[in-house]
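Listed below, chain by chain, are the residues.
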Amino acid sequence: MGESHVTTQEDRTAATPSPVADGATASGFHGPAGSSGSSGSTRAIIPPRMRTRLALSSLRSPRRPRLWFEILLIAVSYWLYSLVRNAVPEQKAAALRNADWIWSLEHSMGLAFEQTVNHAVNSVTWLIVSMNYYYATLHFVVTIGVLVWLFRRHPGRYAAARLALFATTAVALLGYYVFPLAPPRLMNGGGFFDTVMLHETWGSMASGNFKHMSNQYAAMPSMHIGWSLWCGLTICALASAPWARILGALYPVATLVVIVATANHFWLDAVGGMACLTFGVAMSYAWYGALPHRLPKRIQGPGRSRLRALRRPPRRAPEPVSRAAGPGTVAD
């Protein structure tokens, strides 16, 4: 009689090569098609251009943020920002000329209201003192608070939102260099009150005892507006509580009132801050392919990407247990 042969799943699939995954292993990509591995099967090639695209796609995919790295990144970035901002030469003459030009432009538009607001709010001592402290503290406290909230509650959106904020801040440095601008309180004969000096409050890094620690002629664009608008938009887009969204919407509006009332900025400086934020959001969108709030809230698994998934060796189906030859066995 002929020999009995048991047909197994491995026999059925041995002649059918995997269309893509057979070309990748955990250690990398194999050589040209037709080269044999340990199993002798044909390996597919992934072209270098596709490999580059996959690597770029991996870099552009949101990753789970690491706390130590984010703290270090924010600290170093703000230190560099302050260093560069203060390294811009204090072009006093040009800054004062630009301030006169801005003031004339606002008058021609019929929107030169800064002095009226400054004088009106300054007449209410408790209000202007509160605004001085608002200007000095919330700019940092709220921004850091929103970053922490994103890190904890929206890790999948954190990197894109952080990139928008960093790009906004970076492009502002260019404005400080190419358009030095004196704030209203430093204008010659402008009639504005320097509310920090007048009320002897700690309210501005560019006034009083801190005036030598910061470039006083870097008013355009206003990063108080750029950062507060970033905070407000982020909260409005992602917060679930209605009261939080309301506060998020009011925050940049209140900041605008404060920077004008304390005579630290013209309202056109706020427009410059908005333009910088637009650039920052555009950069984030170009890199991640979506606005931050459109990305997934959480990241599934640390460090996974399409490139890593492609390099992972394919899983083999479990082989069925061979049965002894019996009445149902096919004979040759």
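Procedures and definitions
- Residues numbered from 1 in each chain as written.
- Predicted model: local features only at pLDDT ≥ 70, side-chain atom pairs only at ≥ 80, totals over all residues.
- Heavy atoms only, no water.
- UniProt positions renumbered as here; feature names shortened; annotations may be inferred.
- Helix = DSSP H or I, 4+ residues; strand = E, 2+ residues; numbered from the N terminus.
- Buried < 20%, exposed > 50% of the residue type's maximum accessible area, 1.4 Å probe, protein only.
- Contact = heavy atoms within 4.5 Å.
- Areas by Shrake-Rupley, 256 points an atom, 1.4 Å probe, with all protein chains shown as cover.
- Core = buried A, V, L, I, M, F, W, Y, C linked by side-chain atoms within 4.5 Å.
- Salt bridge = Lys/Arg side-chain N within 4 Å of Asp/Glu carboxyl O.
- pLDDT = per-residue confidence, 0-100.
- Phe/Tyr/Trp six-rings, centres within 6.5 Å; stacked < 30°, edge-to-face > 60°.
- Lys NZ or Arg CZ within 6 Å of the ring centre and 35° of its normal.
- Axes fitted to C-alpha atoms, helices over the stretch in contact; angles between N-to-C directions.
- Parallel < 35°, antiparallel > 145°, perpendicular 65-115°, else oblique.
- Nonpolar A, V, L, I, M, F, W, Y, C, P; charged D, E, K, R; others polar.
- Arc of directions from axis to C-beta.
- Expected span 1.5 Å × (residues − 1).

The name recorded for the protein in an unreviewed UniProt entry is Phosphatase PAP2 family protein, from [Kitasatospora] papulosa. The annotation that UniProt attaches to the protein under Subcellular location (unreviewed entry) is "Membrane".

## Remarks on the overall build of the protein
Counting secondary structure elements, the protein contains 12 helices and 2 strands. Listing the helices and strands of the protein from first to last along the sequence gives α-β-β-α-α-α-α-α-α-α-α-α-α-α. Looking at the protein as a whole, 39% of its 332 residues qualify as buried. Contacts spanning at least 24 positions in sequence make up 81% of the contacts within the protein whose residues lie at least 6 apart. Total accessible area on the protein stands at roughly 19,400 Å², and carbon and sulfur atoms take up 63% of it.

## Re the nonpolar core
Within the largest apolar cluster, 35 residues are counted, with the highest numbers of intra-cluster contacts made by Met131, Val146, Leu150, Tyr176, Met223, Trp230 and Ile259. Among all residues touching valine 146, those that are not within four sequence positions of it are Trp230, Cys231, Thr234 and Ile235.

## Examining the pattern of salt bridges
Throughout the structure, instances matching the rule amount to 1 salt bridge. One salt bridge in this structure joins aspartate 194 and arginine 185, with 3.4 Å as the shortest N-O distance.

## Side note on the confidence of the model for the protein
In the predicted model, the protein carries a mean pLDDT of 78, and 66% of its residues have values of at least 70. Taken as a whole, residues 302-311 scores under 50 in pLDDT and shows 16 contacts with residues more than four places along the chain or in a different chain.

## Notes on the packing of aromatic side chains
Enumeration over the complete set of coordinates arrives at 7 aromatic pairs. Between the aromatic rings of phenylalanine 113 and tryptophan 267, the centroid separation amounts to 6.4 Å while the plane-to-plane angle is 15°, which identifies the pairing as stacked. Here the residue phenylalanine 113 occupies a position in the loop between α4 (92-109) and α5 (114-122), and tryptophan 267 occupies one in helix α11 (residues 267-288), the gap between them amounting to 154 residues. On the basis of relative accessible area, tryptophan 267 is assigned to the buried category, the value being 15%. An aromatic cluster of three or more residues is present, and its members are Trp103, Phe192 and Phe266. We note arginine 162 situated over the ring of phenylalanine 166; from NZ or CZ to the ring centre the distance is 6.0 Å.

## Re the UniProt feature "transmembrane region" (unreviewed entry) in the protein
According to UniProt, the positions carrying the feature "transmembrane region" (unreviewed entry) are residues 67-84, 133-151, 163-179, 217-239, 246-264 and 270-288. What you have in residues 133-151 is 100% helix and 0% strand, and the ends, taken at the C-alpha atoms, are 27 Å apart. End C-alpha atoms of residues 270-288 are separated by 27 Å, and the span's content is 100% helix alongside 0% strand.

## A short note on unusual backbone geometry
Geometrically, the link from methionine 220 to proline 221 is a cis peptide bond, its omega value of 0° lying close to zero. For glutamate 200, which is not a glycine, the phi torsion comes out positive at approximately 55°. Mapped onto the elements, glutamate 200 comes out in the loop between α8 (195-199) and α9 (223-238). The class of glutamate 200 is exposed, set by a relative accessible area of 73%. Backbone geometry places alanine 263, a non-glycine residue, at a positive phi of 60°.

## Details of the packing of α9 against helix α10 (residues 242-261)
Where α9 contacts α10, the two axes come as close as 7 Å, and the packing angle between them is 170°. Relative to α10, the element α9 lies roughly antiparallel. Along the contact surface, α9 presents His224, Ile225, Ser228, Leu229, Cys231, Gly232, Ile235 and Cys236, while α10 presents Ala244, Arg245, Gly248, Ala249, Tyr251, Pro252, Thr255, Leu256 and Ile259. Counted by class, the contact of α9 with α10 contains 11 nonpolar, 5 polar and 1 charged residues.

## Quick word on α5
Residues spaced three or four apart along an α-helix point in a common direction, a consequence of the helix completing one turn every 3.6 residues. Taken as a whole, α5 has its buried residues at Glu114, Asn118, Val121 and Asn122. The buried residues of α5 occupy an angular sector of 100° when projected down its axis, which confines them to one face. In this structure, the buried side of α5 is in contact with α4, α6 (125-153), α8, α10 and α11.

## Focus on the environment of leucine 80
Its place among the elements puts leucine 80 in helix α3 (residues 67-87). By relative accessible area, leucine 80 is classed as partly exposed at 40%. In the structure, leucine 80 is positioned 90 residues away from alanine 170 in sequence and 9.9 Å away in space, judged by C-alpha atoms.

## A closer look at helix α7 (residues 155-178)
Between its first and last C-alpha, α7 extends 36 Å over 24 residues, near the 34 Å set by a 1.5 Å rise per residue. For α7, the buried fraction is high: 17 of the 24 residues fall into the buried class.

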